[in-house]
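Coordinate analysis (summary)
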Amino acid sequence: MTSENTKTLAQNKKARHDYFVTETIECGIELFGTEVKSIRLGKVNIADAYASLDNSEVYVKGMNISPYEQGNIFNRDPLRYKKLLLHKSQIRKLIGQVQQEGYALIPLSVYLKGSKVKLLLGVCKGKKLYDKRADLQKRDLKRNLDRAFKEHNSGSVRNFL
């Protein structure tokens, strides 16, 4: 996802706060034309989305794609289940991972790769409250260190001039 022809359209920042992401998988999404146009305008929300396995197929549920304004009769239900495009071997691997207790499939981001809409799917394990607190403490410590380092460096530049 780090190539120069990608553009992130939506991110699920809360997912990394609530879950440990053990693995990520890039997958395509089965969409209709007006949905693609709406996504290109950035009208997609994956904050409450999750993926589930039904009959050896993976569907993303809770992903909200706002109706395209010029779409009229071609617009689809914004919350309809969208099929994820994965290889059978990937689906079999996901089935094995999700059957373990506490693991879930969570969409992490939606982005354009070239002209295709892609979804980054994470195999995640839920965090406990104390894990979340530890992450907040680490982030606060890093922020304070960066601030102190920045103040120290900017002060030395002023004294030098």
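Residues numbered from 1 in each chain as written. Predicted model: local features only at pLDDT ≥ 70, side-chain atom pairs only at ≥ 80, totals over all residues. Heavy atoms only, no water.

Things to note about the overall build of the protein
A tally of regular secondary structure across the protein gives 4 helices and 9 strands. Walking the protein from its N terminus toward its C terminus, one meets helices and strands in the order β-α-β-α-β-β-β-β-β-α-β-β-α. In terms of overall size, the protein is more extended than a compact globule, its C-alpha atoms giving a radius of gyration of 20 Å where 161 residues would be expected to give roughly 15 Å. In terms of principal-axis extent, the alpha carbons of the protein reach across some 65 × 45 × 25 Å. The buried share of the protein, reckoned over its 161 residues, is 32%. Contacts spanning at least 24 positions in sequence make up 68% of the contacts within the protein whose residues lie at least 6 apart. Here the protein contributes 30 positively and 17 negatively charged side chains, and the mean placements of these two sets differ by 2 Å. (Helix = DSSP H or I, 4+ residues; strand = E, 2+ residues; numbered from the N terminus. Rg over C-alpha atoms; globule rule 2.2 N^0.38 Å. Buried < 20%, exposed > 50% of the residue type's maximum accessible area, 1.4 Å probe, protein only. Contact = heavy atoms within 4.5 Å. Lys, Arg positive; Asp, Glu negative; His and termini not counted. Charge placed at Lys NZ, Arg CZ, Asp CG, Glu CD.)

Concerning helix H3 (residues 88-98)
The complete set of buried residues in H3 reads Ile-91, Leu-94 and Gln-97. Down the axis of H3, the buried set is contained in an arc of 125°. They therefore lie on one face. Facing away from the buried side of H3 by more than 90 degrees, the exposed set consists of Lys-88 and Arg-92. Elements that come into contact with the buried residues of H3 comprise strand E2 (19-29), strand E4 (50-54), strand E5 (57-61), strand E8 (103-113) and strand E9 (116-126). (Arc of directions from axis to C-beta.)

Re the side chain of Arg-80
For Arg-80, the location among the structural elements is in the loop between strand E6 (64-65) and strand E7 (82-85). When residues no more than four places from it in sequence are discounted, the contact partners of Arg-80 are Glu-30, Leu-31, Phe-32, Glu-35 and Val-60.

Focus: helix H2 (residues 33-40)
All of the buried residues along H2 are Thr-34, Glu-35, Ser-38 and Ile-39. Relative to the axis of H2, the buried residues are bounded by an arc of 140° and lie together on one face. Against strand E1 (6-11), strand E3 (44-45), E6, E7, E8 and E9 lie the buried residues of H2. Looking one or two residues past H2, Gly-42 carries a phi angle of roughly 85°, positive in sign.

Quick look at the packing of aromatic side chains
Aromatic rings in a pair are described by how distant their centres are and how their planes are angled relative to each other. Evaluation of the coordinates by the stated rule reveals 0 aromatic pairs. The positively charged end of Lys-61 is found above the aromatic ring belonging to Tyr-81, 4.6 Å away from the centroid. (Phe/Tyr/Trp six-rings, centres within 6.5 Å; stacked < 30°, edge-to-face > 60°. Lys NZ or Arg CZ within 6 Å of the ring centre and 35° of its normal.)

A look at the confidence of the model for the protein
Interpreting fine coordinate detail is not advised for predicted regions of low pLDDT. Across the protein, the average pLDDT comes to 83, with 92% of residues at 70 or higher. When mean pLDDT is compared element by element in the protein, E5 scores highest at 91, while helix H4 (residues 129-160) scores lowest at 78. (pLDDT = per-residue confidence, 0-100.)

Some details on the pairing of E5
Across 5 bridges, E4 lies against E5 in antiparallel orientation. Paired with Asp-54 across the strands is Glu-57, a residue of E5. The turn linking E4 back onto E5 is made up of 2 residues, and Asn-55 within it adopts a positive phi angle of 55°. Sheet topology note: the E5/E7 ladder contains 3 bridges and is antiparallel. Bridging from a neighbouring strand, Val-58 pairs with Leu-84 of E7. (Pairing = 2+ DSSP bridges.)

Examining the pattern of salt bridges
Applying the stated criterion across every chain, the model contains 7 salt bridges. A salt bridge links Lys-61 to Asp-54, with the shortest nitrogen-to-oxygen separation between them at 3.3 Å. The partly exposed category is assigned to Asp-54, whose relative accessible area is 28%. (Salt bridge = Lys/Arg side-chain N within 4 Å of Asp/Glu carboxyl O.)

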